[in-house]
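Chains, contacts and geometry: an overview
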Amino acid sequence: MEKRVLTTSDTFTPEIIDAIQERAELGRYLIRGYGAFRSVPRFDDLVFLTASLTRVPLEGDREPCATKTILGKRSCKRPIELDIPITIAGMSFGALSRNAKIALGRAATLLGTSTTTGDGGMLPEEREASSKLVYQCLPSRYGFNPTDLRKADAIEIVVGQGAKPGGGGLLLGQKVSPAVAGMRTLPEGVDQRSPSRHPDWIGPDDLKIKIEELREATDWQIPIYVKLGATRVKDDVKLAVKAGADVIVLDGMEGGTAATQSIFQEHVGIPTLPALVQAVEALQEAGVYGQVQLVISGGIRSGPDVAKALALGADAVSLGTASLIAMGCNKPIYLEDYHKLGTEPHHCHHCHTGLCPVGIATQDDELMARLPVEQATIHVANYLQALVMEVQSLTRACGKSNVHNLEREDLVALSLEASAMAKLPLAGTDFIAGQ
Amino acid sequence: MNNEQTLTRSAILDCASLSTREINQQLRALAAAGVERVQVLNPAGRHNLAVGLSTPIEIHFCGPVGYYCGGLGDGVQIEVAGGCGWSVGENLMAGQLVIRGNASANAAASAHGGKIYVLGDAGPRAGISLKGATLIVTGNVGYGSAFMMQQGRLIICGNAGAGLADSIYDGEIFVAGRVHSLGADAQFGLITDEDRLLLNQELLPLGLEARDYDFKKIVCAQEFHHFKTRNFPNGKTRTNNQRHLHTRDH
């Protein structure tokens, strides 16, 4: 019998064929959760040059290695003091279940760090669970009110998000439950498409006045962050600084979302690695490096990711997707429910459906009950603790007693792309791609 | 009421040599001290005046104000003798603002409650993202007004610019004059007797009578409430079943 060889087009791959036929059925763009799936240069493409003879290492797990992090030193009375340089990113009640939001708050509190609200307002249980809570001011202003504003420990004006810079949020009708609709002043069950622009200001000059408004409303007590999706990073960071931001939160294209057009996730924005490097340069050129803090997010998964981000100049990192995975996202349990979604554990990105098999990205009470708050809290807290230990281990190995003393000289690149984007020498050479 | 009581219940605040910070701090202090009315002299178009106030007080600005006047307010009565800049009454929760002049862009942006009167024209995007407040404009409003309005009421005694109520979710809009064009998902609705009664109640405090105007009502057509699949062969559209749609997306 003649052997049959299956050939595959590089242009029309099986995935592309599926995507075309799905669009043909739906008559609209495809929607999914998570961030970019494509391969991009990332922190994995960098390695540390730890101590040997030129530098002396500190004893792992024994000698002190400070992790304290202060955000918002520039102009407010009460900067945020964190015990660790890792925060929890903004994720809405609506996108996430009540249990997930409470667990994130409690875990952050156990580690002495902050968590962040999201596009849907401040959940009372979330405020109660979080010792330090950052209150997002988004284009939609769903649930935004001065009473909750005064309860916040910091304000984050969201200009963009790494998964969809230039686009607004999506929350499909399955997740717009009576509680979510009530908080957002929306009709129940509506396919909510959030605006991409703020209703009350448009450009950076207006943003300056908006920041002053929020400062006046909070008596200049708490820091104001500006969150940017990574696109024209240098200009955007400088404009946010000029507008008066205390902290820049920069989200690269690996950053997740509960729902957006997949075209945004794959074709919009730049990766976290070059975004971070450009943001640090922008702060230096603006003469505010050290005064305005930088929080980087988008695909941060491990202690090495955190340590490399700090070495490149970030003051802290922010975790979204990874914190959800820590509490059970994509865990191989309730397999039949993954199958109903047409997926498998480790491959699920169906947050937009509201049918999350593990009770994280859902508003369904039965599914949410699968996520016990205590267990989720411990898992996220353990994960954060593990990341801190990993960062401290790398820091001590570099001969440093404070994670914020990690520096660019501690790193080299493993690929030409990473060398060019991070502006670091290729390992074993003095060659920096592009310079 | 004797003179002494009158003095303690009202105050005059001259802003000529004060910063925005100092003005707002003094307004807060006066409200906290139980002062009921304060006359603010020389506001000089400053931005961010009387923002974030939540202790009841009546504030009368003797002159124009800048951006965000009365923004993030909750239960305060504000009157401006003059025009105002962008986003007057932004995110108002309760209370009242009366602008005796024109308002620039984004009047009452994202306001959740209370009433905002513009006794003149309002610029573009009036009532944008409105979430439950009532905005009454005795003159005209600019383009993009009531964009993505969610709840509340917008009453326009004059004309409305292009794209009125684009992408509205809910709420109601009444326009007495010409509507340049409606935005996506907005449609004219039937005016009921209840609407006429309501319009009369809203306009009477301004010395206006609804019967003197030919109000048209604009509401959400709800075509955008759910993603739709086009059925090209017969030109009809259908709404996807909410429970099982989108699950195959990737």
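What follows deals with the overall build of chain A. For chain A, the helix and strand inventory stands at 15 helices and 16 strands. Its C-alpha atoms give chain A a radius of gyration of 22 Å, near enough to 22 Å, the size a compact globule of 435 residues would have. Dimensions of chain A, computed from the C-alpha atoms along their principal axes, are close to 75 × 60 × 45 Å. Counting every position in chain A, which comprises 435 residues, the buried fraction comes to 56%. Counting only contacts in chain A whose residues sit at least 6 apart along the sequence, the fraction spanning at least 24 positions is 67%.

A few words now on the interface of chain A and chain B. Where the parts come together, the accessible area they lose is often given as the size of the interface. The interface of chain A with chain B comprises 35 residues on the first partner and 42 residues on the second. If you list the elements that add at least two residues to the side of chain A that touches chain B, you get helix H1 (14-26), strand S1 (31-32), helix H4 (146-151) and helix H6 (204-217) of chain A. By residue number, the principal contributor to the side of chain A that touches chain B is H6 of chain A, which donates five residues. Of the residues assigned to the side of chain A that touches chain B, the class counts are 16 nonpolar, ten polar and nine charged.

What follows concerns unusual backbone geometry. Phi at Thr185 of chain A is positive, roughly 55°, even though this residue is not glycine. Within the element layout of this structure, Thr185 of chain A appears in the loop between helix H5 (178-184) and strand S10 (192-193). Exposure remark for Thr185 of chain A: the 23 C-beta atoms within 10 Å place this residue in the buried category. Phi at Ser87 of chain B takes a positive value of approximately 60°, unusual for a residue other than glycine. Note on placement: Ser87 of chain B falls in the loop between strand S4 (74-80) and strand S5 (94-99).

When helix H7 (residues 233-243) of chain A is considered as a whole, its buried residues turn out to be Val233, Asp236, Val237, Leu239, Ala240, Val241 and Ala243 of chain A. Two residues or fewer past H7 of chain A, Gly244 of chain A is found with a positive phi of approximately 110°.

Core analysis: the biggest nonpolar cluster contains 201 residues, and Ile248, Leu250 and Ala279 of chain A together with Ile116 of chain B have the highest contact counts within it. When residues no more than four places from it in sequence are discounted, the contact partners of Ile116 of chain B are Val88, Gly89, Leu92, Leu97, Ala107, Ala108, Ala111, Ala133 and Leu135 of chain B.

Here we come to the environment of Ser302 of chain A. One can find Ser302 of chain A in the loop between strand S14 (293-297) and helix H10 (303-311). Not counting the four nearest positions on each side in its chain, Ser302 of chain A is found in contact with Leu387 and Glu390 of chain A.

Let us look at the environment of Gln96 of chain B. Residue and element names in this part refer to chain B. Checked against the element boundaries, Gln96 lands in strand S5. In the structure, Gln96 is positioned 102 residues away from Leu198 in sequence and 18 Å away in space, judged by C-alpha atoms. Apart from the residues within four sequence positions on either side, Gln96 is in contact with Gln77, Gly114 and Lys115.

The next subject is the sheet that holds S5 of chain B. Sheet strands associate in pairs through backbone hydrogen bonding, adopting either a parallel or an antiparallel arrangement. All names here are of chain B. Pairing in this open sheet of eleven strands is mixed, and the strands run S1-S2-S3-S4-S5-S6-S7-S8-S9-S11-S10 from one edge to the other. Among the strands making up the open sheet, the edge pair consists of strand S1 (10-14) and strand S10 (186-189). With direction set aside, neighbouring strand axes in the sheet form an average angle of 15°. By the bridge criterion, three bridges tie strand S9 (residues 172-175) to strand S11 (residues 216-220) in an arrangement that is antiparallel. Along S11, the bridge assignment pairs Phe174 with Lys217.

All right, on to the packing of H6 of chain A against H7 of chain A then. All names here are of chain A. In the contact formed by H6 and H7, the axes pass within 8 Å of each other and the chain directions differ by 40°. The angle between the axes of H6 and H7 places the two elements in the oblique class. Of the two elements, H6 crosses H7, and the hand of that crossing is right-handed. On H7, the residues that touch Pro204, Leu207, Lys208 and Ile211 of H6 are Leu239, Lys242 and Ala243.

Parts of the prediction with low pLDDT should not have their coordinates interpreted in detail. All names here are of chain B. Predicted confidence across chain B gives a mean pLDDT of 91, with 88% of residues reaching 70 or more. Counted against residues more than four places away or in other chains, residues 1-6, with its pLDDT under 50, gives one contact. Note on residues 234-248: pLDDT under 50 across the span, and 29 contacts to partners over four residues away in sequence or across chains. Note on the complex model: pTM 0.95, ipTM 0.92.

Below, the discussion takes up H6 of chain A. Its 14 residues give H6 of chain A an end-to-end C-alpha distance of 20 Å, which sits within 8% of 20 Å, the value for a rise of 1.5 Å per residue. Summarising burial for H6 of chain A: ten of the 14 residues are buried, a large majority. Burial in H6 of chain A covers these residues: Leu207, Ile209, Lys210, Ile211, Glu212, Glu213, Leu214, Arg215, Glu216 and Ala217 of chain A. Contacts from the buried residues of H6 of chain A go to strand S7 (133-137), H4, strand S8 (154-158), strand S11 (224-229) and H7 of chain A together with helix H2 (20-32) of chain B.

Residue and element names in this part refer to chain A. Relative to each other, H10 and helix H14 (residues 373-397) sit at 55°, their axes nearing to 8 Å. Classed by the angle they form, the pair H10 and H14 counts as oblique. For the crossing formed where H10 meets H14, the hand is right-handed. Along the contact surface, H10 presents Gly303, Pro304, Val306 and Ala307, while H14 presents Leu387, Met389, Glu390, Val391, Leu394 and Thr395.

Rules and cut-offs
- Residues numbered from 1 in each chain as written.
- Chains lettered and ligands numbered in written order.
- Predicted model: local features only at pLDDT ≥ 70, side-chain atom pairs only at ≥ 80, totals over all residues.
- Helix = DSSP H or I, 4+ residues; strand = E, 2+ residues; numbered from the N terminus.
- Rg over C-alpha atoms; globule rule 2.2 N^0.38 Å.
- Buried ≥ 20, exposed ≤ 12 C-beta atoms within 10 Å, placed from the backbone.
- Contact = placed C-beta atoms within 7 Å.
- Nonpolar A, V, L, I, M, F, W, Y, C, P; charged D, E, K, R; others polar.
- Core = buried A, V, L, I, M, F, W, Y, C linked by C-beta atoms within 7 Å.
- Pairing = 2+ DSSP bridges.
- Axes fitted to C-alpha atoms, helices over the stretch in contact; angles between N-to-C directions.
- Parallel < 35°, antiparallel > 145°, perpendicular 65-115°, else oblique.
- Left-handed = near helix turned anticlockwise from the far one by under 90°.
- pLDDT = per-residue confidence, 0-100.
- Expected span 1.5 Å × (residues − 1).

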